[in-house]
Every structure is written in C-alpha cells, then in structure tokens.
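# Per-entry structural report
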Amino acid sequence: MATQQPATRPANPRFSSGPCAKPPTFDVTKLADAALGRSHRAAVGKAKLKDAIEGTRDVLGIPADYRIGIVPASDTGAVEMALWSLLGARTVEMLAWESFGAGWITDVVKQLKIDADVKTAEYGQIVDLATVDTKNNDVVFTWNGTTSGVRVPNADWIADDRDGLTICDATSAAFAMDLPWDKLDVTTFSWQKVLGGEAAHGVIVLSPAAVARLESYTPAWPLPKIFRLTKGGKLIEGIFTGATINTPSMLAVEDYLFALDWARSEGGLKGLIARADANAKAVFDFCDANDWIANLAEDDTTRSNTSVCLKFTDDRIQDGAAFAKAVAKRLEAENIALDIGAYRDAPAGLRIWCGGTVETADLEAMLPWLTWAFEAEIAAQA
Ligand SMILES: Cc1ncc(COP(=O)(O)O)c(C=O)c1O
C-alpha cells in the first residue's frame, strides 16, 4: 500500500555535506562588489583578502598572535601544506575515524614515508584519546569526521604544556563547534562547508608554536611553491596579511566576505553553533522517535552537529546499501533532499548536513518525507 506523501515540503532541499547550502539570505547579486578583472595585489584586492583574514579571526575568536592564511586548494591544500611543512621533526601520531582522516594517514605514511604511530577507529567510533601523547608527539586529527558524523567530544586530552604540535583538520567543525585555540597549533578548513562558501581556497591557522617550528625546522623532502610558508628560514608574513601564494578567486573571496557578514548577523559563532545544535537536535529527536533509523555515532558525546550520519536498522531491509541509495534517490527525485546519501567509503546510510546555513524548519519539513521514503522502499522491496 502506497504511503501518503507529507503535505509540507522544505523550502530549500539542500542538505549536502559540501559544498553546503548557501546562507539563507544569499543571492548572486550580493557579490556585485567583488574585485574582479584586475590584480588581486591592487589595493582593493589586498584589502578584501585582509578583511577575509581579520573577519575569520573576529568571528572565530582566534587569538591576535595566531597567523591566519588563505591558501590554495581548499581544505586539502591547507592540510597537505601543514603535513609537508611541519612533520618529520618528532614522533607523529595519526588519528582517524573516517575516510578523510584515513587519507591524511596515507599521505604521511605512504608519501612522506614517516613511521607514524597510527590509531584508527571504525565508522561510528572514535580512538581512545587518552592514549594519545600530545605532550611529546605531533598529532594529526580531524575535529569532526565528516563521513562518519563522529567528532572529538572536547580537547581535554590535549596537553597545555605540549612540546609537539596538534594539527587539526577542522573543515566541517569551524563555525559550528567551539574550537579551543590554545589547544590547536595548526587548524585548517575550507569555505565550502559550514558557511556555505566556495571551495577554491583553504584557510590555515598557525599558533606561535607552529610558526616557531616552521622557522626552526626544514623537512628532508622538497616542497612545491604552493606549500611553502617560509623563505630563508623566516615565515612569509605576506601570506598572513593578504598577499596570497598564487592568484586567488576574488569572486570566492567576495562570497566568503558575504558569508562572514551573514554569520555576524546571526550572532557570530555562538549563533552559528546554536543553529547547528538546533538542526542536529531535530535529526536526533527523529532517530529517537523511530526505531528503524539510528545515529552512526555510537557515543552521544561524539555525535556531530554538522554532518549527521544515519544508518537504517530495520530487520526487513534486504540489501542495506541498495536500500539507503534508493531512499536518497526517492527524496532527490521529489526535490525534498539533495545529496544525502552516505559518503562513498562510509557504511550504507544517509548523511544530513545540519550546519548553520540550513534552516531548522526545512529539516523539520524534510524528516516526515524520510519516513515516507523509508516506508515506500520497504513496500517496494516486498
Ligand atoms: C574532514 C574533511 N577534510 C577534508 C575535506 C576536503 O575538503 P576540500 O574538498 O575542501 O579540500 C573534507 C571535505 O568534505 C572533509 O570533510
């Protein structure tokens, strides 16, 4: 028997985990002031890049003595630049609980050939953070595992008096979770995630300790120009004031400046966290109310409030992967939810983005449709 479709539709069906929904007030005419068609090194371009850097500092509460740089190749570029520039000086611990963290392990172990201490957990779980030696070792980890929906519960496991560096991929955490800057030496993210910006550039945030490492240590391997943060043993300060390594997209910069303004209008970081929390709660409550679906994150303290990953738990499901795909396809075909299938390397299921650019009302309108699609697919299977 066909189940009835819900009466209400989400106004915006965009629940992708990256690129994420644009801010609700976005339209392309808001980018009309972009510094296009002329040098990014002209005063107007440099001023916009500097605004992007200082706006990031302001909204995220980054300390004045931390450097913030806009770098090539989105979050991946920022992470790779950190790994290649900083590692090799001490023992390295690599932590991963989903595919992006696993990717950084591959790079460090197979490309840089560092004999790292690798700690991994299955999707839905997290490594035992109490076993990580942040006092002595360099530690690379992902604050929020976008493809498993598991985040670190806090930063209590990171030593205040550490000699090693913490290198944190925070791309699906920045602007949605509290990042304790005193515990993070290198933090990276891209604009395409929580603020719904464009993916061209990455942001790298360096603590004074990270800068000291850069200025005192030269890796054994060569570094391509787009990874180089130092010249003659000194930090290239220009990168951190708006003189980018190579040519940036000023359209993407304008879009980011718009997103930062929107973030401020929502109450800044606090407002963005509250929006993500409210969104995630709508999905958590839905899981609590339905015994056929559950959060992939096993421990509630590690549940993401951005990339909420879900698994189907109904015994009647015959082929889990095909079922999840079919549910996502039905929702996409109805223009109710776009791009909510689980990541290709993750367990079968759904991933619903709950970052601040998503409206809670849209999630609340979408979730009854998830029930509809689930029931329709159970019936289709039979
Ligand atoms: C945790 C994490 N790291 C890195 C990336 C790669 O980001 P980008 O494609 O912006 O380089 C993503 C993208 O989804 C991610 O979620």
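Details of the structure are given in the entry above.
All of the points below concern the structure found in this document. (Residues numbered from 1 in each chain as written. Predicted model: local features only at pLDDT ≥ 70, side-chain atom pairs only at ≥ 80, totals over all residues. Heavy atoms only, no water.)

### Quick word on the pairing of strand β1 (residues 67–72)
This is how it is decided: Each residue gets one of three labels from its accessible area relative to the maximum for its type: buried under 20%, exposed over 50%, partly exposed in between, using a 1.4 Å probe on protein chains only. Secondary structure elements follow DSSP: runs of H or I no shorter than four residues count as helices, runs of E no shorter than two count as strands, and numbering proceeds from the N terminus. Paired strands are those between which DSSP finds at least two bridges.
Counting buried residues in β1 gives 5 out of 6 residues, a clear majority hidden from the surface. Across 6 bridges, β1 lies against strand β9 (residues 201–206) in antiparallel orientation. Paired with Gly69 across the bridge in β9 is Ile204.

### Digging into the state of the cysteines
By definition, a disulfide links two cysteine residues through a covalent bond between their sulfur atoms. The condition that has to hold: Throughout, disulfides are identified as pairs of cysteine sulfur atoms within 2.5 Å of each other.
Per the stated rule, a full pass over the model turns up 0 disulfides. Cysteine Cys20 is unpaired, with the sulfur of Cys354 as its nearest cysteine sulfur at 10 Å. Given the relative accessible area of 6%, Cys20 is considered buried. Left without a disulfide partner, Cys309 is nearest to the cysteine sulfur of Cys354, which lies 9.9 Å away. By relative accessible area, Cys309 is classed as buried at 3%.

### Observations concerning the sheet that holds strand β7 (residues 166–169)
Counted only if it meets this: Working convention: axes come from line fits to C-alpha atoms, limited for helices to the stretch in contact. Angles between N-to-C directions cover 0 to 180 degrees. Here a residue-residue contact requires only that any non-hydrogen atoms of the pair lie within 4.5 Å.
If you walk across this open sheet you meet the 7 strands as β1-β9-β8-β7-β4-β2-β3, and the pairing is mixed. The sheet is open, and its two borders are formed by β1 and β3 (117–120), each paired with just one other strand. The average angle at which neighbouring strand axes cross in this sheet is 15°, direction not considered. Its contacts with the sheet place helix α3 (residues 99–111) against β2 (92–96), β3, β4 (138–142) and β7, and it is angled at close to 150° to β2. Seen against the sheet, helix α4 (residues 208–216) touches β1, β4, β8 (186–190) and β9 and runs at an angle of roughly 95° to β9.

### Quick notes on the packing of helix α6 (residues 268–289) against helix α8 (residues 360–381)
How two helices sit against one another is set out by the angle between their axes and by the gap between those axes. As a reminder of what qualifies: Relative orientations are named as follows: roughly parallel for angles under 35 degrees, roughly antiparallel for angles over 145 degrees, roughly perpendicular for angles from 65 to 115 degrees, and oblique for any other angle. Each crossing gets its hand from how the near helix is turned against the far one by less than a right angle, where anticlockwise is left-handed and clockwise is right-handed. Here the term charged refers only to Asp, Glu, Lys and Arg, the term nonpolar to Ala, Val, Leu, Ile, Met, Phe, Trp, Tyr, Cys and Pro, and the term polar to all other amino acids, Gly among them.
Between α6 and α8, the shortest axis-to-axis distance is 9 Å and the interhelical angle comes to 20°. When the interaxial angle is binned, α6 and α8 end up roughly parallel. As α6 packs across α8, the resulting crossing turns out to be right-handed. Each of Ala278, Asn279, Ala282, Val283 and Phe286 in α6 lies in contact with α8, whose residues at this interface are Thr360, Leu363, Glu364, Leu367, Leu370 and Thr371. Per-class residue counts for the contact of α6 with α8 are 7 nonpolar, 3 polar and 1 charged.

### Here we look at the sheet that holds strand β14 (residues 350–353)
Taking strand neighbours across the sheet as the criterion, the 3 strands line up as β12-β13-β14 in an open arrangement whose pairing is antiparallel. Of all the strands in the sheet, the pair left with one neighbour each is β12 (293–295) and β14. Strand-to-strand twist across the sheet, computed as the mean angle between neighbouring axes with direction ignored, equals 35°. With 3 bridges joining them, β12 and strand β13 (residues 307–312) adopt antiparallel strand pairing. Residue pairing in the sheet places Asn295 in a bridge with Leu310 of β13.

### Points about the packing of aromatic side chains
We apply this condition: Any Phe, Tyr or Trp ring, taking Trp's six-membered ring, that has another such ring centre within 6.5 Å forms a pair; planes under 30 degrees apart are called stacked, those over 60 apart edge-to-face, and the others tilted.
Going through the model one piece at a time under the given rule, you end up with 14 aromatic pairs. With 6.3 Å between their ring centres and 10° between their planes, Trp292 and Phe312 make a pair best called stacked. You can see Trp292 sitting in the loop between α6 and β12 and its partner Phe312 sitting in strand β13, a full 20 residues away along the chain. Here Trp292 matches Phe312 in class, with each residue buried. Consider the rings of Phe323 and Phe374, whose centres lie 5.7 Å apart with planes at 70°: the pair is edge-to-face. Placement of Phe323 in helix α7 (residues 320–333) and of Phe374 in helix α8 is noted, with a sequence separation of 51 residues between them.

### Re the site of the ligand
Our working definition: Any residue with at least one heavy atom within 4 Å of a molecule or strand is counted as near it. Whenever two N or O atoms come within 3.5 Å, that pair is a polar contact, provided that in protein one can donate a hydrogen and the other can accept it, and provided that, for residues adjacent in sequence, both atoms are side-chain atoms. Only the protein chains shown count as cover for residues, with accessible areas throughout obtained via the Shrake-Rupley method and a probe of 1.4 Å.
Inspection of the region around the ligand gives Ser74, Asp75, Thr76, Phe100, Trp104, Thr142, Thr146, Asp169, Thr171, Ser190, Gln192 and Lys193 as its neighbouring residues. At 2.8 Å from an oxygen atom of the ligand is found a side-chain nitrogen or oxygen belonging to Gln192. Contact distances for the ligand include 2.6 Å between an oxygen atom and a side-chain N or O atom of Lys193. Within the complex, 86% of the 400 Å² of free accessible area of the ligand lies under protein. Listed by contribution, the elements that provide at least two residues to the shell around the ligand are α2 (74–86) and α3. For the shell around the ligand, the leading source of residues is α2, giving 3 residues. The residue makeup of the shell around the ligand, split by class, is 2 nonpolar, 7 polar and 3 charged.

### What about the pattern of salt bridges?
Heads up, the rule is: In the sections that follow, a salt bridge refers to a side-chain nitrogen of Lys or Arg positioned within 4 Å of a carboxyl oxygen of Asp or Glu.
Enumeration over the complete set of coordinates arrives at 23 salt bridges. A salt bridge links Asp255 to Lys22; the nearest nitrogen and oxygen atoms lie 3.0 Å apart. Pair noted here: Asp255 is in helix α5 (residues 250–265) and Lys22 is in the segment before α1 (43–60), with a separation of 233 residues, a long-range link. Here Asp255 falls in the buried class, since its relative accessible area comes to 2%. For Lys281, the salt bridge identified is with Asp285, shortest N-O distance 2.7 Å. With Lys281 and Asp285 both in helix α6 and 4 residues apart, this pair spans about one turn of that helix. Judged by relative accessible area, which is 47%, Lys281 ranks as partly exposed.

### Notes on the nonpolar core
To be explicit about the condition: Among the buried residues, those of types Ala, Val, Leu, Ile, Met, Phe, Trp, Tyr and Cys that are joined through side-chain atoms within 4.5 Å form a nonpolar core.
Judged by nonpolar contacts, the single largest core of 91 residues is most densely connected at Phe141, Trp143, Phe175, Phe312, Leu331, Ile352 and Leu370. In terms of nonpolar packing, the next biggest core, distinct from the first, is built from 35 residues, Ala78, Val79, Met81 and Phe240 among them.

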